[in-house]
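Fold and geometry: a report
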Amino acid sequence: MHLSRFPRVHLAHLPTPLELLPNFSKALGGPNIYIKRDDCTGLGSGGNKTRKLEFLIADAVAQNADVVITQGATQSNHARQTVAAACKVGMDCEILLENRTESTERDYVESGNVFLDKLFGAGVTHYSKDTDMVEAMEVMAADLKAKGRRPYIIPGGGSNAIGALGYVNCAIETLTQANDRGLRIDHFVTATGSAGTQAGLVVGFEATNSNIPLLGIGVRAPKEKQEENVFKLACATADMMEIPGIVTRDKVVANCDYVGGGYGVPTDSMIEAVSMMAKLEGILMDPVYSGKGLAGLIDLIRKGNFKADDNIVFLHTGGSVALFGYLKAFDL
Ligand SMILES: *Cc1c(COP(=O)(O)O)cnc(C)c1O
């Protein structure tokens, strides 16, 4: 396994910090909780998509593209990081946003990530819930081609085998940090959505024989579907890396009990998790992914799923910019 075989543009501040959360751990009275700060990847206010974009944008450059197209939910962190990455390499960017929550709140539709998409100069087009966004991107690409442009489509969440390489890299980086300081990682926990993050991590942890159990906390799909999506993408990533079969199905585990009313719909446990982390550690989570992921971790700790001396690493995937799209949910 050797990542340098793949084209890469350096966009992220790496390695991201791996920090103990002393107050948060104490408040839960159980295991030691560490946080891997991928909210600090640096590009355009950071987040997990930046690691994926290092490989995706390099592929766009290799294909001589002059415009990237991507899609996401209205408050997509992926879209915001994609246009920032396009800015870095001098490409244009078209963003297609699906109003998956059907919110008409002005904050949700115009502030947070949407405001930044426009500040970075993206073309932004809004679509209603349940639009076929893959097809919409293809239509956009065909239109641009007809105008003589060279579009490159980045899938939602940057989640294909190329993007997942960014999280293979994160697994290796985290292991190196832990080995350097003699930290034994007993569990690694992340929010999981379009699957690229968990897929890359599971490939990285398996290919290094780390024996670190990886848990994804789902934010949209039911468990069976989420695990299937992650497993498929992990297999495709391993195949591309020429280490086929490195991930077995049993290593892909998702808990999807914390989605609540649906993707991007606030839950009480998310509000509690975001508020706890802000007040105890001065760290901003996000309302759609890391907040629900952390809510899941908190609940599992309270239910006694971990040992008192376990060391848990929670991946902070970023997204705090989206908080500004959710003022009403917090009711402060
Ligand atoms: C996209 C995203 C995730 C989920 O990552 P996937 O690779 O899509 O599973 C988690 N947290 C934040 C903040 C995100 O923007």
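Located above this text is the structure these notes cover.
We now turn to the structure provided with this report. (Residues numbered from 1 in each chain as written. Predicted model: local features only at pLDDT ≥ 70, side-chain atom pairs only at ≥ 80, totals over all residues. Heavy atoms only, no water.)

The biggest cluster of nonpolar side chains holds 36 residues, and the ones touching the most others in it are Phe-24, Met-277, Leu-294 and Leu-297. For this core, the elements supplying multiple residues, two or more each, are helix 1 (22-28), strand 2 (32-37), strand 7 (187-192), strand 8 (214-218), helix 10 (268-281), helix 11 (290-302) and strand 10 (311-316). If sequence neighbours within four positions are ignored, Met-277 has contacts with Leu-21, Phe-24, Ile-35, Gly-282, Ile-283, Met-285 and Leu-294. Of all hydrophobic cores here, the second largest spans 34 residues; its members include Phe-6, Phe-55, Leu-233 and Val-252. (Core = buried A, V, L, I, M, F, W, Y, C linked by side-chain atoms within 4.5 Å. Buried < 20%, exposed > 50% of the residue type's maximum accessible area, 1.4 Å probe, protein only. Helix = DSSP H or I, 4+ residues; strand = E, 2+ residues; numbered from the N terminus. Contact = heavy atoms within 4.5 Å.)

Take the pattern of salt bridges next. One pass over the structure, following the stated rule, counts 19 salt bridges. The closest approach of N and O atoms between Glu-54 and Arg-8, which form a salt bridge, is 2.9 Å. Here Glu-54, found in helix 2 (residues 49-62), pairs with Arg-8, found in the segment before strand 1 (18-20); they are 46 residues apart in sequence, far enough to count as distant. On the basis of relative accessibility, which here comes to 0%, the residue Glu-54 falls in the buried class. Residue Arg-8 is classed as partly exposed on the basis of its relative accessible area, which comes to 29%. One salt bridge in this structure joins Lys-303 and Asp-299, with 2.8 Å as the shortest N-O distance. What emerges from the salt-bridge pattern is a single network uniting Lys-223, Glu-224, Glu-227, Glu-228 and Arg-249. (Salt bridge = Lys/Arg side-chain N within 4 Å of Asp/Glu carboxyl O.)

Inspection of the secondary structure assignment puts Ile-185 in the loop between helix 7 (161-181) and strand 7. You can call Ile-185 buried: its relative accessible area is 10%. When the C-alpha positions of Ile-185 and Asp-310 are compared, they lie 7.8 Å apart, and in sequence the two are 125 residues distant.

Moving on: the packing of helix 7 against helix 9 (residues 223-240). Contact pair helix 7 / helix 9: the axes reach a minimum separation of 9 Å and the direction vectors enclose 85°. Considering their axes alone, helix 7 and helix 9 lie roughly perpendicular with respect to each other. Facing helix 7, whose interface residues are Ala-161, Ile-162, Ala-164, Leu-165 and Val-168, helix 9 presents Leu-233, Ala-236, Thr-237 and Met-240. Tallied by class, the residues present in the contact of helix 7 with helix 9 amount to eight nonpolar, one polar and no charged. (Axes fitted to C-alpha atoms, helices over the stretch in contact; angles between N-to-C directions. Parallel < 35°, antiparallel > 145°, perpendicular 65-115°, else oblique. Nonpolar A, V, L, I, M, F, W, Y, C, P; charged D, E, K, R; others polar.)

The next thing to look at is the site of the ligand. Of all residues adjacent to the ligand, which total 16 residues, the nearest are Lys-49, Lys-52, Ser-194, Thr-197 and Thr-317. Between Lys-52 and the ligand, the recorded distance is 2.6 Å, taken from a side-chain N or O atom to an oxygen atom. One of the side-chain nitrogen or oxygen atoms of Thr-317 is found 2.6 Å away from a nitrogen atom of the ligand. Elements with a minimum of two residues in the shell around the ligand: helix 2 and helix 8 (196-207). (Near = heavy atom within 4 Å. Polar contact = N/O pair within 3.5 Å; in protein donor to acceptor, adjacent residues only side chain to side chain.)

All right, on to the packing of aromatic side chains then. Per the counting criterion, the structure on display carries three aromatic pairs. Ring geometry for Tyr-108 versus Tyr-326: centroids 5.6 Å apart, planes at 85°, classification edge-to-face. Residue Tyr-108 is found in helix 4 (residues 106-110), and its partner Tyr-326 is found in the loop between strand 10 and helix 12 (327-330); the two are separated by 218 residues along the sequence. Judged by its relative accessible area of 2%, Tyr-108 falls in the buried class. The side chain of Lys-49 reaches across the aromatic face of Tyr-289, ending 5.5 Å from its centre. (Phe/Tyr/Trp six-rings, centres within 6.5 Å; stacked < 30°, edge-to-face > 60°. Lys NZ or Arg CZ within 6 Å of the ring centre and 35° of its normal.)

For the rest of this paragraph, the subject is the sheet that holds strand 8. An order of 1-2-10-7-8-9 is seen for the six strands of this open sheet, with the pairing classed as mixed. Looking along the sheet, the strands with just one partner apiece sit at the ends: strand 1 and strand 9 (253-255). Between one strand axis and the next, the sheet turns by 30° as a mean value, whatever way the strands run. For strand 7 and strand 8, the ladder comprises five bridges, and the chain directions are parallel. Paired with Phe-188 across the bridge in strand 8 is Leu-214. Packing against the sheet, helix 7 makes contact with strand 1, strand 2, strand 7 and strand 10, and its axis sits at approximately 130° to strand 2. (Pairing = 2+ DSSP bridges.)

Now for the side chain of Glu-206. Checked against the element boundaries, Glu-206 lands in helix 8. Lacking a salt bridge, the buried Glu-206 has Lys-251 as its closest oppositely charged neighbour, with an N-O distance of 4.5 Å. (Lys, Arg positive; Asp, Glu negative; His and termini not counted.)

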